[in-house]
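Examining the three-dimensional arrangement
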Amino acid sequence: MGFARTCAVALVGVEGVVVEVQADLEPGVAAFTLVGLPDKSLTESRDRVRAAVVNSGAEWPQKKLTVGLSPASVPKAGSGFDLAVASAVLGAAERLDPRVLADIVMIGELGLDGRVRPVRGTLPAVLAAADAGYEQVVVPECAAAEASLVPGVSVLGIRSLRQLIAVLADEPVPEEEPPDPARPDPLLAGLRVPGTGAATGLPGAGAAAWDRGHDLTDVVGQLSARTAVEVAAAGGHHLFLEGPPGAGKTMLAERLPSLLPPLDRQESLEVTAVHSVAGLLPADKPLIDTAPYCAPHHSATLQALVGGGPGIARPGAVSLSHRGILFLDETPEFSSHALDALRQPLESGHVVIARSSGVVRFPARFLMVLAANPCPCGRFSLTDGSCDCPPSAIRRYQARLSGPLLDRVDLRVVTDRVTRAELTASGARGESTATVAARVRSARERAAARFAGTPWQTNSDIPGRELRTRWRAAPGAMDDAERSLERGVLTARGIDRVLRVAWTVADLVGHDRPDATDVALALQLRTGVPRGVPMALGAPA
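My aim in this report is to walk through the structure given alongside it, one point at a time. Computed from a predicted model, the values in this text were never measured in an experiment. (Residues numbered from 1 in each chain as written. Predicted model: local features only at pLDDT ≥ 70, side-chain atom pairs only at ≥ 80, totals over all residues. Heavy atoms only, no water.)

Next up on the list: the overall build of the protein chain. In terms of regular secondary structure, the protein chain is built from 22 helices and 18 strands. If one aligns the C-alpha atoms of the protein chain with their principal axes, the spans along those axes are about 85 × 50 × 45 Å. Residue burial in the protein chain is summarised as follows: out of 541 residues, 50% are buried. Across the protein chain, the fraction of contacts at a sequence separation of at least 24, relative to all contacts at a separation of at least 6, is 71%. A total of about 23900 Å² of accessible surface is found on the protein chain, and carbon and sulfur atoms cover 52% of it. Averaging the locations of the 55 positively and 60 negatively charged side chains of the protein chain gives two centres separated by 5 Å. (Helix = DSSP H or I, 4+ residues; strand = E, 2+ residues; numbered from the N terminus. Buried < 20%, exposed > 50% of the residue type's maximum accessible area, 1.4 Å probe, protein only. Contact = heavy atoms within 4.5 Å. Areas by Shrake-Rupley, 256 points an atom, 1.4 Å probe, with all protein chains shown as cover. Lys, Arg positive; Asp, Glu negative; His and termini not counted. Charge placed at Lys NZ, Arg CZ, Asp CG, Glu CD.)

Our next topic: the environment of G243. Residue position: G243 is located in the loop between β10 (239-242) and α9 (249-255). For the pair formed by G243 and R117, sequence separation is 126 residues and the distance between their alpha carbons is 49 Å. Beyond its immediate sequence surroundings of up to four residues, G243 is in contact with K249, A372, N373, P374 and T415.

Moving on, we come to the sheet that holds strand β17 (residues 367-372). With parallel pairing, five strands are arranged side by side in an open sheet as β11-β14-β17-β10-β18. The sheet terminates laterally at β11 (293-294) and β18 (411-414), the two strands that pair on one side only. Two elements, β11 and strand β14 (residues 325-328), share two bridges in a ladder whose sense is parallel. Pairing of Y293 across the sheet is with I325, part of β14. Across the sheet, helix α8 (residues 223-235) touches β10, β17 and β18, and the angle it forms with β18 is around 160 degrees. (Pairing = 2+ DSSP bridges. Axes fitted to C-alpha atoms, helices over the stretch in contact; angles between N-to-C directions.)

Before going further, it helps to examine unusual backbone geometry. Cis geometry marks the peptide bond from S70 to P71, where omega comes out at 10 degrees. Looking at the element boundaries, P71 is found in the loop between β4 (64-70) and α3 (82-92).

Glancing now at the packing of α3 against helix α7 (residues 161-168). Two elements in contact, α3 and α7, have axes whose closest approach is 12 Å; the angle formed by their N-to-C orientations is 45 degrees. Classified by the angle between their axes, α3 and α7 sit oblique to one another. Once α3 is placed against α7, the crossing between them reads as right-handed. Along the contact surface, α3 presents L83, A86, S87 and L90, while α7 presents L161, L164 and I165. The residue inventory of the contact of α3 with α7, partitioned by class, reads six nonpolar, one polar and no charged. (Parallel < 35°, antiparallel > 145°, perpendicular 65-115°, else oblique. Left-handed = near helix turned anticlockwise from the far one by under 90°. Nonpolar A, V, L, I, M, F, W, Y, C, P; charged D, E, K, R; others polar.)

Let's shift gears to the packing of aromatic side chains. The relative placement of two aromatic rings is captured by the distance of their centres and the angle of their planes. One pass over the structure, following the stated rule, counts four aromatic pairs. Their ring planes at 45 degrees and their centres at 5.6 Å tell us that F32 and W60 sit as a pair that is tilted. Pair noted here: F32 is in strand β3 (residues 31-35) and W60 is in the loop between α2 (45-55) and β4, with a separation of 28 residues, a long-range link. Aromatic pair F451 and W471: ring centres 5.1 Å apart, planes at 80 degrees, arrangement edge-to-face. Here W471 lies in the loop between α19 (464-469) and α20 (479-486) and F451 lies in the loop between α18 (433-450) and α19, a separation of 20 residues in the sequence. Taken as a pair, F451 and W471 share a single burial class, namely buried. Aromatic rings pair up to connect F451, W456 and W471 into one cluster. Across the ring face of F451, the terminal group of R450 is positioned such that the distance to the ring centre comes to 4.8 Å. (Phe/Tyr/Trp six-rings, centres within 6.5 Å; stacked < 30°, edge-to-face > 60°. Lys NZ or Arg CZ within 6 Å of the ring centre and 35° of its normal.)

It is worth spelling out the nonpolar core at this point. Core analysis: the biggest nonpolar cluster contains 56 residues, and L239 and V369 have the highest contact counts within it. Ranked by residue count, the leading element in this core is helix α21 (residues 492-509), at eight residues. With near-sequence residues (within four places) excluded, L239 lies in contact with A228, V229, A232, M368, V369, L370, V409, L411 and V413. (Core = buried A, V, L, I, M, F, W, Y, C linked by side-chain atoms within 4.5 Å.)

In this section: α2. Burial in α2 covers these residues: S45, R48, V49, A52 and V53. Viewed end-on, α2 has its buried residues packed into an arc of 125 degrees, placing them on one side of the element. The secondary structure elements touched by the buried residues of α2 are β3, α1 (40-43), α3, β6 (109-110) and α7. At the C-terminal side of α2, G57 shows a positive phi close to 90 degrees. (Arc of directions from axis to C-beta.)

What follows deals with the environment of R408. Mapped onto the elements of the fold, R408 is located in the loop between α16 (403-407) and β18. We classify R408 as buried; its relative accessible area is 11%. Through-space distance from the C-alpha of R408 to that of V509 is 25 Å; in sequence the pair is 101 residues apart. In terms of polar contacts, R408 uses its side chain to reach the side chain of E347, at 3.4 Å. (Polar contact = N/O pair within 3.5 Å; in protein donor to acceptor, adjacent residues only side chain to side chain.)

Along the chain, the position of T6 falls in strand β1 (residues 2-12). Among the polar contacts made by the side chain of T6, one reaches the main-chain carbonyl oxygen of L101 at a distance of 3.1 Å. In this structure the side chain of T6 is engaged in a polar contact, spanning 2.9 Å, whose partner is the backbone oxygen of I104.

Let us look at the side chain of K249. Tracing the chain through its elements places K249 in helix α9. For the buried K249, no salt bridge is present, and the opposite-charge side chain at shortest range is D329, 6.1 Å distant. Polar contacts involving the side chain of K249 include one to the main-chain carbonyl oxygen of G243, which spans 3.1 Å. Dropping the residues within four chain positions of it, K249 is found in contact with L241, E242, G243, P244, A371, A372, N373 and T415. (Salt bridge = Lys/Arg side-chain N within 4 Å of Asp/Glu carboxyl O.)

Where α8 contacts α18, the axes come no closer than 8 Å and their chain directions differ by 40 degrees. It follows that α8 is oblique to α18 by the angle criterion. Of the two possible hands of crossing, α8 and α18 adopt the one that is right-handed. Two secondary-structure elements touch here, α8 through E230, A233 and A234 and α18 through V436, R439, V440, A443 and R444. Residues of the contact of α8 with α18, tallied by class, amount to five nonpolar, no polar and three charged.

Taken as a whole and assessed by the stated rule, the structure comprises 28 salt bridges. For E333, the salt bridge goes to R400, with nearest N and O atoms at 3.6 Å. Of this pair, E333 sits in the loop between β14 and α13 (336-340) while R400 sits in the loop between α15 (391-398) and α16; the two residues are 67 residues apart in sequence, bridging distant segments of the chain. A relative accessible area of 39% means that R400 is categorised as partly exposed. Here D407 and R526 are joined by a salt bridge, their closest N and O atoms 2.8 Å apart. Taken together, the residues span a long stretch of sequence, with D407 in helix α16 and R526 in helix α22 (residues 516-527) at a distance of 119 residues. An identical accessibility class is assigned to D407 and R526; each is buried.

So far we have only geometry, and geometry alone does not tell us how the molecule works.
Below you can see the structure in the form of structure tokens.
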């Protein structure tokens, strides 16, 4: 009787559970039994592993073989267990030393010829192995760069099962033919979700899917909207842009990611883990260090926005935009159920998807930008009175955005139609992205220094009780906001959000704490009612 064990990782969302892969050989009729709640793709690994072992020059044991995946109560899915199953079988057959296999985590899919293919979710799998105390990980060679992002873990990248057998048995390692650089590597095909390739016209990377050549100087006019975009970037505040078609709402949203500072190491790992699980991590960029930008179409379903789908729940747009921008253009055209489902992740910073097989938790701390026309035709409230929509249609259109959702939006700005004089004017049209980004970076540094030693990083993260006790505005600065609360213009949540925006304005202009002018500008950005304060935060346009 032979027995061997090694380890693999089962992913539940972006969190991993280390699974012990056990192989047991007993005398009897040759059979291969796989137990431990495997799904269809994992059940099929029996045939893949058998063919890979034989084609790698090893002998398949002609005995009763049982492979167990422990803990058996955790559902296992995907083909990433192939390498661990093959190694455990070879250890039970005494082709490999079982003592060498016991403390190694193996991640990879096997081809019938013995080649090792990468699988989605390598980074979160290696993070789970490191958290469990494992120090050695075997992954496909093309995924070694992604796995090496985890500190304190020794990563071995291999191209084939033959190479792994040679390394573990202390034999000469055979050379494998490298892929043709002139052709796409077929081993990388499993890392991409169908429908996200070049043939679809989508960018190659799921993160930073925006043109870095976009600059704020391209935006004509819209001083209030430019100020709101700067405040949103500095404090992480949600933004609602309303205005006629062609006013520049989408242009402003596309230029918002370039104002955000680069992600730090922890944020980069969080974003990379989500995109790795979703199959949107580019092969040539194992670490995403820029804020992602996600702009789903208005026909997106609830599952596409929040996450879920048949079988194992997959991350949705709110998780793909984690630590970045979620832009919902033509927001009233989205399903009302899908929009209202955003209310919980907007408050908690994560989304929980409950299924009969278990609960999946995805991170979802994003900056939301909504853009909408004032009516179905888009010409309502223009001075020429060209809107043909009946009042009932306008009310229905505007009512698609629920009050509780809009109450969670800090900044609401109306964009005006661009005039001929603004469009044809020569000279500078406003501050560049580089200038505004530098001011945003300085404001975030002030906030980070103020929040040192706390779990918060930006003004939008601060709970209301902390704002009212630890970080108060200047005496008398909140009088107008409190009167708005008494008149019903602001809710209790709204007044907290006004104070958060006021702190961001104070950080941008260099004040130690918000004064009456900062609060007035925050109220103006929140309600859209003019307060007689200048909108420009930097040099005049």
